[in-house]
Amino acid sequence: ASSDCAAGHMAHYILCAQQHLKDGDVEGAALYYDFANYLLPLAASCMDPAIWTITPEAFYDRYRAVMEAAPYVDGKADSDLIR
């Protein structure tokens, strides 16, 4: 496990989230963004900007948008769920 690439796993989760968004599954996308969010602090230090197209700022903008939208898309909006 120590040889795994956190940035690679994070990228994989982001791609999965994008596929869920493409399929209209915002809750599924939110789940994968949560996985990626967990890895971002571990991955950020090894993400060379010359080869990685995502920045922490861009990631957090998209993560926030999906997490805020998920309860509304499925009709489960609750003021306690939105932070």
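Residues numbered from 1 in each chain as written. Predicted model: local features only at pLDDT ≥ 70, side-chain atom pairs only at ≥ 80, totals over all residues. Heavy atoms only, no water.

A. The arrangement of the overall build of the protein chain in detail. Across its full length, the protein chain holds three helices and zero strands. Residue burial in the protein chain is summarised as follows: out of 83 residues, 25% are buried. Across the protein chain, the fraction of contacts at a sequence separation of at least 24, relative to all contacts at a separation of at least 6, is 57%. Total accessible area on the protein chain is roughly 5,600 Å²; 56% of this is exposed by carbon and sulfur atoms. (Helix = DSSP H or I, 4+ residues; strand = E, 2+ residues; numbered from the N terminus. Buried < 20%, exposed > 50% of the residue type's maximum accessible area, 1.4 Å probe, protein only. Contact = heavy atoms within 4.5 Å. Areas by Shrake-Rupley, 256 points an atom, 1.4 Å probe, with all protein chains shown as cover.)

B. The pattern of salt bridges, seen in detail. If you walk through the whole model with that rule in mind, you get one salt bridge. Salt-bridge contacts for Asp61 lead to Arg64; the nearest nitrogen and oxygen are separated by 3.3 Å. A residue pair is termed a helical-turn pair when its members lie 3 or 4 positions apart in one helix, as Asp61 and Arg64 do in helix H3 (residues 56-73) at three residues. Overall, Arg64 belongs to the partly exposed group, its relative accessible area being 43%. (Salt bridge = Lys/Arg side-chain N within 4 Å of Asp/Glu carboxyl O.)

C. Just the nonpolar core, in detail. Formed by 18 residues in total, the largest nonpolar core has its most connected members in Met10, Tyr33, Ala43, Met47, Phe59 and Val66. Only helix H1 (6-22), helix H2 (26-43) and H3 provide two or more residues apiece to this core. The element best represented in this core is H2, accounting for eight residues. Contacts of Val66, omitting those with residues within four sequence positions, involve Leu21, Val26, Ala29, Ala30 and Tyr33. (Core = buried A, V, L, I, M, F, W, Y, C linked by side-chain atoms within 4.5 Å.)

D. Just the packing of aromatic side chains, in detail. In total, this model carries seven aromatic pairs according to the counting rule given. On the numbers, 6.4 Å between centres and 55 degrees between planes, the contact of Tyr33 with Tyr63 is tilted. You can see Tyr33 sitting in helix H2 and its partner Tyr63 sitting in helix H3, a full 30 residues away along the chain. As far as the burial class goes, Tyr33 and Tyr63 line up, both buried. (Phe/Tyr/Trp six-rings, centres within 6.5 Å; stacked < 30°, edge-to-face > 60°.)

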